[in-house]
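# Structural features, examined
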Amino acid sequence: MNGKRNRAVRGTWLITALMLASVTVGCQDTGGDGSGAGPKPDKSAGASKAPGKGKGKESAKPSPTTSKKPTKPGEDPSAGALTCDQLRSAALQTPSFRFPDAPDGTVAFTDGRWEGDGVVIELQPQCGIGDMTGDPAEDAVAAVKVTTGGTGKFYGLVTWRNDSGTPVPVAAASLGDRTPVVSIDVSSPAPRQATVVYLTRGDSDPSAVVTIRRSAVYRVTEPTMTELHHSDTPYTP
C-alpha cells in the first residue's frame, strides 16, 4: 500500500517538473516576460540616422551660389557723373554711331580736336551734365563744330551716355551752318531733356548773319536728339 502511494507521489512530482520546464523554455522563447512579443531590438546598437535629419554637419543644406547680375550700360551704381573735361578725349563717331557732317570712319577727340581729310572737328565749351538716357548714371551733352575746306562751319549737339564712367556717343542733332551754341542746360524741370540756346537766322536772312536767339528743348531718341519745341527772340550782334 505504501509502495503504491510512493510511486503516485513520484509520478506527480515528475509531471510537475516537466510542466515547470516547459513553462521556463516558453518564457525564454518570448523574451523572458511571457508577453510573446519576442526580443526587443537594441536601439543603441548599429542604429543609423536618416540622412539630413541630424543636428550635425550632415543636416546643413548647401547655401545657394550668389550670382552677380550683370549691369547694363549706365546702371553701375559706383559710376559717378560724367564731366565735360572727359569729352575732350572721348569718341565722337563709332562703327555703330554716325555724327552728322563728319566724314566716314572712326572719329575720336584728342584734346578736344580731330582733323582728317581736310575736315576739322572741335569740341565746343558749351556742355551740360545730367540724365538724358533714363538710367541712374548722369550723361553729358555738348556742342561740336565741324569746319570744312570752304566757308562752312556746321554746329551740332551730341549726347554721350555714361557707360560705367566712360562717355559713349549715342545721339546727335545738326543745328546747321554758322549757328553757334550759347548754352546747354540739362538740369531742366522736365526729366531727360536738354535746353539748348543757340544763334540762327530766319529763312530769308543771309547765311552770313545771325538774327535770332533760339531756345530749343531736345530729348534723346537714339540715335538722334529730337527737338520737342523752341522759342525765338530777336538777336542783334
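Computed from a predicted structure; not experimentally measured.

Further remarks concern the overall build of the protein. Across its full length, the protein holds one helix and eleven strands. Counting from the amino terminus, the protein carries its helices and strands in the arrangement α-β-β-β-β-β-β-β-β-β-β-β. For the protein, the residues scored as buried account for 32% of the 237 residues in total. Look at the contacts in the protein between residues 6 or more apart in sequence, and 43% of them connect residues 24 or more apart. Accessible area of the protein: about 14,900 Å², with a carbon and sulfur share of 54%.

With 66% of its residues at a pLDDT of at least 70, the protein reaches an overall mean of 79. Below pLDDT 50 for its whole length, residues 1-6 participates in zero contacts with residues either more than four positions away or in separate chains. Throughout residues 20-71 the model reports pLDDT below 50, and contacts reaching past four residues in sequence, or to other chains, amount to ten contacts.

What follows concerns the state of the cysteines. The tally for this structure, following the rule as stated, stands at one disulfide. Here Cys84 connects covalently by a disulfide to Cys127, the sulfurs 2.1 Å from one another. Classification of the bridge connecting Cys84 and Cys127 rests on its S-S torsion, roughly -90°, and on that basis the disulfide is left-handed. Of this pair, Cys84 sits in the loop between α1 (2-29) and β1 (91-93) while Cys127 sits in strand β4 (residues 119-130), and the two are 43 residues apart along the sequence.

Looking now at the side chain of Arg214. The residue Arg214 is located in strand β10 (residues 212-221) in this model. Given the relative accessible area of 16%, Arg214 is considered buried. Engagement of the side chain of Arg214 in a polar contact is seen with the side chain of Asp232, the distance being 2.8 Å. Beyond its immediate sequence surroundings of up to four residues, Arg214 is in contact with Val196, Val197, Tyr198, Thr200, His230, Ser231 and Asp232.

What counts, and at which threshold
- Residues numbered from 1 in each chain as written.
- Predicted model: local features only at pLDDT ≥ 70, side-chain atom pairs only at ≥ 80, totals over all residues.
- Heavy atoms only, no water.
- Helix = DSSP H or I, 4+ residues; strand = E, 2+ residues; numbered from the N terminus.
- Buried < 20%, exposed > 50% of the residue type's maximum accessible area, 1.4 Å probe, protein only.
- Contact = heavy atoms within 4.5 Å.
- Areas by Shrake-Rupley, 256 points an atom, 1.4 Å probe, with all protein chains shown as cover.
- pLDDT = per-residue confidence, 0-100.
- Disulfide = S-S within 2.5 Å.
- Polar contact = N/O pair within 3.5 Å; in protein donor to acceptor, adjacent residues only side chain to side chain.

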